[in-house]
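Analysis of the macromolecular model
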Amino acid sequence: MFFLRRSLWLLSRTQLCSVSRQRVHKLASLQKVTALSPKKVKSLLYPFKELEAYLDRSIDRTPFQLFHPSLEDMIRAEKLFCSSPSHKIDYYTSAERLDHVPALTQPEVCFIGRSNVGKSSLIKGLFSLTPEVEVRVSKTPGHTKKMNFFKVGKAFTIVDMPGYGHRAPGDFVDMVEPYLYTRKNLVRTFLLVDGSVGLQKADLIALEMCEETRCPYVLVVTKIDKCGHGALLTNLMKLHDLVKTETTSCFPQPFLVSSLHFWGIYLLRCFITHVTGSISLKDTSH
């Protein structure tokens, strides 16, 4: 715990990036967590820790902590989400069809999920250190109708895909499926599931689509602040059992996030920089 306190103190002495203080959320950067208790810091960095105490002792914790980077690695990853003259982060373009997709060479990750799962809010949270990046967030389900591309310098690209399910674009499958099958620089797909309601029928269809492409993908459990520990654990264990028995291309560890409270945002940033090859981590295991 002393090591954690010392690392956070050192971070507070370092200016990580030049951003407008007035517009940046107080927890957007690890620099801002120094005033919090060590227990609170751990909950922010590793949300699963908050649930672990409620799990039965017979349940193996390992699949939930396969990716467990150090604080130092998270700090290094965070720097890539800070815009600068030599590392510009910005919205790049949108596309409605595959032939409109930009020809980019840097590694790419995409986010897909059911309408109103919190996809755009999550991407906005990832980019919260660069508030000038325009990520449109709406209370109306199905707001995202196009594939929106965001360039993170020359390091990688993040793609916000249209939501499926309620009010999804009529040509959702024709738009998304060819992209998943043919995008050669796509290194990871992030499939979002609402943690407060668990897997829905539309999520199972999306998961099957990800399996058929045979490209690696990851499950992100959103809105973990919207339900109690019991309901969240029930939904999480159902998700875990499905991944264990029904998938071959899914990373075993689900990532727990709350865009509202920034739980898990730092860990997810670090995982993105890791899978895109943007940084080499010292240690990714617990």
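Calculation rules
- Residues numbered from 1 in each chain as written.
- Predicted model: local features only at pLDDT ≥ 70, side-chain atom pairs only at ≥ 80, totals over all residues.
- Heavy atoms only, no water.
- Buried < 20%, exposed > 50% of the residue type's maximum accessible area, 1.4 Å probe, protein only.
- Helix = DSSP H or I, 4+ residues; strand = E, 2+ residues; numbered from the N terminus.
- Pairing = 2+ DSSP bridges.
- Contact = heavy atoms within 4.5 Å.
- Axes fitted to C-alpha atoms, helices over the stretch in contact; angles between N-to-C directions.
- Polar contact = N/O pair within 3.5 Å; in protein donor to acceptor, adjacent residues only side chain to side chain.
- Phe/Tyr/Trp six-rings, centres within 6.5 Å; stacked < 30°, edge-to-face > 60°.
- Core = buried A, V, L, I, M, F, W, Y, C linked by side-chain atoms within 4.5 Å.
- Salt bridge = Lys/Arg side-chain N within 4 Å of Asp/Glu carboxyl O.
- Parallel < 35°, antiparallel > 145°, perpendicular 65-115°, else oblique.
- Nonpolar A, V, L, I, M, F, W, Y, C, P; charged D, E, K, R; others polar.

Below, the discussion takes up helix H9 (residues 265-275). Of all eleven residues in H9, ten are buried, a share of seventy percent or more. Among the residues of H9, Ile265, Tyr266, Leu267, Leu268, Arg269, Cys270, Phe271, Ile272, Thr273 and Val275 are the ones counted as buried. One or two steps after H9, the chain reaches glycine 277, where phi turns positive at roughly 75°.

It is worth spelling out the sheet that holds strand E3 (residues 147-152) at this point. Taken in spatial order, the seven strands make up an open sheet running E1-E3-E4-E2-E5-E6-E7, and their pairing is mixed. Across the chains shown, the open sheet's two edge strands, defined by having one partner strand only, are strand E1 (89-95) and strand E7 (255-256). Note that E1 and E3 share six bridges and pair antiparallel. Within E3, the position partnered with serine 94 by the bridge is asparagine 148. Strand contacts of helix H5 (residues 119-126): strand E2 (108-113), strand E4 (156-160), strand E5 (186-194) and strand E6 (217-222), with the helix running at about 145° to E2, the strand carrying the most contacts.

As for its placement among the helices and strands, threonine 276 is situated in the segment after H9. Exposure remark for threonine 276: the relative accessible area of 8% places this residue in the buried category. Side-chain polar atoms of threonine 276 contact the backbone oxygen of threonine 273, separated by 3.3 Å. Of the polar contacts made by the side chain of threonine 276, one reaches the side chain of serine 278; its length is 2.8 Å. Not counting the four nearest positions on each side in its chain, threonine 276 is found in contact with Pro107, Val109, Phe156 and Val187.

The next subject is the packing of aromatic side chains. For the coordinates displayed, the defined rule picks out twelve aromatic pairs. Taken together, a centroid distance of 6.4 Å and an interplanar angle of 25° make the contact between phenylalanine 251 and phenylalanine 255 stacked. Overall, phenylalanine 255 belongs to the buried group, its relative accessible area being 2%. Their ring planes at 35° and their centres at 5.4 Å tell us that phenylalanine 251 and phenylalanine 271 sit as a pair that is tilted. Here phenylalanine 271 lies in helix H9 and phenylalanine 251 lies in the loop between helix H8 (229-246) and E7, a separation of 20 residues in the sequence.

Once that is clear, we can look at the nonpolar core. Nonpolar side chains in soluble globular proteins generally cluster together in the buried interior. Of all hydrophobic cores here, the largest spans 50 residues; its most connected members are Phe111, Phe127, Phe190, Tyr266, Leu268 and Ile272. Here this core takes eight residues from H9, the largest share from any one element. If we skip the residues at most four places from it in the chain, phenylalanine 111 touches Lys119, Leu122, Ile123, Leu126, Ile158, Val159, Asp160, Met161, Phe190, Leu192, Leu268 and Ile272. The next biggest cluster of nonpolar side chains, apart from the first, holds 40 residues, and it includes Val101, Met147, Leu219 and Val243.

This part covers the side chain of serine 128. When you line up the elements, serine 128 lands in the loop between H5 and E3. Here serine 128 falls in the buried class, since its relative accessible area comes to 10%. Reaching out from serine 128, the side chain makes a polar contact with the backbone oxygen of glycine 125 at a distance of 2.7 Å. Beyond its immediate sequence surroundings of up to four residues, serine 128 is in contact with Val24, Ala28, Phe262 and Arg269.

It is worth spelling out the pattern of salt bridges at this point. For the structure on display, the rule yields ten salt bridges. The salt bridge involving glutamate 52 is made with lysine 49; its shortest N-O contact spans 3.6 Å. One end of the pair, glutamate 52, and the other, lysine 49, are both in helix H3 (residues 48-52), three residues apart, so they sit about a helical turn from each other. The network of salt bridges with shared partners includes Lys49, Glu52 and Arg61.

Let us look at the packing of helix H4 (residues 71-79) against H9. Between H4 and H9, whose axes approach to 8 Å, the crossing angle comes to 75°. Between H4 and H9, the crossing angle belongs to the class labelled roughly perpendicular. Residues Asp73, Met74, Ala77 and Glu78 of H4 form the contact with H9, whose own contacting residues are Tyr266, Leu267, Arg269, Cys270 and Thr273. Grouping the constituent residues of the contact of H4 with H9 by class yields five nonpolar, one polar and three charged.

What follows covers the packing of H5 against H9. Taken N-terminus to C-terminus, the directions of H5 and H9 make an angle of 80°; their axes are 10 Å apart at the nearest point. With respect to their mutual orientation, H5 and H9 come out roughly perpendicular. On the side of H5, the interface is formed by Leu122, Gly125 and Leu126, while H9 contributes Ile265, Leu268, Arg269 and Ile272. A class-by-class count of the residues in the contact of H5 with H9 yields five nonpolar, one polar and one charged.

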